[in-house]
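Summary of structural features
As a plain string of letters, each chain reads:
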Amino acid sequence: MPTPPRQPTTATATTTATTTATGPALGLWALYDLHLRHYLDYAALLLPAADAPLAVQGAFDDLSGHWLDALATASPAACAWQAVRRRVCALAGPRPLGPVAHLTAPQQDVLLLHLVLALPAAEVAALTGTEPGAVHVQLRSLAAVRR
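Below: a short report on this structure. Nothing here was measured: the structure is a model prediction, and the numbers come from that model.

**Brief notes about the nonpolar core**
Ranked by internal contacts, the top residues of the largest apolar core, which has 41 residues, are Tyr 39, Tyr 42, Val 56, Phe 60, Leu 63 and Val 88. Secondary structure elements with two or more residues in this core: helix 1 (24-46), helix 2 (52-64), helix 3 (67-71), helix 4 (76-92), helix 5 (105-116), helix 6 (121-128) and helix 7 (132-146). Among the elements that make up this core, the one with the highest residue count is helix 1 (10 residues). Filtering out sequence-adjacent residues up to four positions away, Leu 63 remains in contact with Leu 28, Ala 70, Cys 79, Ala 80 and Ala 83.

**Things to note about helix 1**
With 23 residues, helix 1 should cover 33 Å at 1.5 Å per step; its first-to-last C-alpha distance of 31 Å lies within 8% of that length. In helix 1, a bend of some 65° at His 35 exceeds every other bend along the element.

**Some remarks on the pattern of salt bridges**
Applying the stated rule across the entire model yields 2 salt bridges. Residue Arg 87 is joined to Asp 62 by a salt bridge in which the shortest nitrogen-to-oxygen separation is 2.5 Å. Taken together, the residues span a long stretch of sequence, with Arg 87 in helix 4 and Asp 62 in helix 2 at a distance of 25 residues. With a closest N to O distance of 2.6 Å, Asp 109 and Arg 85 form a salt bridge. Residue Asp 109 is found in helix 5, and its partner Arg 85 is found in helix 4; the two are separated by 24 residues along the sequence. Each member of the pair, Asp 109 together with Arg 85, is buried.

**Remarks on the side chain of Thr 128**
Within the secondary structure layout, Thr 128 lies in helix 6. For Thr 128, the residues in contact, after removing those within four places along its chain, are Ala 77, Ala 78, Trp 81 and Leu 113.

**Some thoughts on the packing of aromatic side chains**
All told, the structure shown has 6 aromatic pairs when counted by the stated rule. Geometrically, the ring pair formed by Trp 29 and Tyr 32 is edge-to-face, given 5.5 Å between the ring centres and 75° between the ring planes. With Trp 29 and Tyr 32 both in helix 1 and 3 residues apart, this pair spans about one turn of that helix. This pair shows no difference in class: Trp 29 is buried, exactly as Tyr 32 is.

**Remarks on a nonpolar patch on the surface**
Nonpolar side chains collect at one region of the surface, where Leu 45, Leu 115 and Val 116 lie side by side and expose about 230 Å² of accessible area between them. With respect to the helices and strands, the residue Leu 115 is situated in helix 5. When its relative accessible area of 39% is taken as the criterion, Leu 115 is described as partly exposed.

**What about unusual backbone geometry?**
One non-glycine residue, Ala 118, lies in positive phi territory at about 60°. Following the sequence through the fold, Ala 118 ends up in the loop between helix 5 and helix 6. Judged by its relative accessible area of 60%, Ala 118 is exposed.

Scoring rules and cut-offs
Residues numbered from 1 in each chain as written. Predicted model: local features only at pLDDT ≥ 70, side-chain atom pairs only at ≥ 80, totals over all residues. Heavy atoms only, no water. Core = buried A, V, L, I, M, F, W, Y, C linked by side-chain atoms within 4.5 Å. Buried < 20%, exposed > 50% of the residue type's maximum accessible area, 1.4 Å probe, protein only. Helix = DSSP H or I, 4+ residues; strand = E, 2+ residues; numbered from the N terminus. Contact = heavy atoms within 4.5 Å. Expected span 1.5 Å × (residues − 1). Bend = angle between axes of the 7 residues up to and from the residue. Salt bridge = Lys/Arg side-chain N within 4 Å of Asp/Glu carboxyl O. Phe/Tyr/Trp six-rings, centres within 6.5 Å; stacked < 30°, edge-to-face > 60°. Patch = residues over 30% accessible without salt bridge, like charges linked within 9 Å, V, L, I, M, F, W, Y side chains within 5 Å. Areas by Shrake-Rupley, 256 points an atom, 1.4 Å probe, with all protein chains shown as cover.

As structure tokens, then:
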């Protein structure tokens with residue numbers, strides 16, 4: 001699996017580009033490492049397999065420039081998920097979620113992560129930065145849509 005570049009940011013300025021991230025940026029790369037497999041699996045659903053790692057890496061490169069802002073939110077994990085989702089959808093083309101375009105974004109996420117990738121609801125919540133109860137609400141709403 002690819003590893004994130006350990007380039008210094010303004011929050012982690014160092015003297016060489018090969019030094020690993022410290023301080024706040026360490027949390028960014030910890031989040032990356034924690035969820036990388038699932039980010040890649042999600043990206044591979046919507047993109048050619050070779051593009052999935054590039055999409056995830058690009059999302060985290062983008063997020064690294066705003067990481068301090070993300071840390072100030074209620075859920076940095078949600079910010080990371082949205083960065084991955086935006087990048088994947090942008091690279092996937094005009095209608096990346098065509099068959100599920102009628103669903104809300106949270107419903108699409110739960111459908112793909114829980115029902116397609118078979119992640120437990122608690123893991124979907126951790127990955128997307130939402131509450132487990134919110135995932136269960138989305139699952140119930142998906143069941144209602146299927147009826």
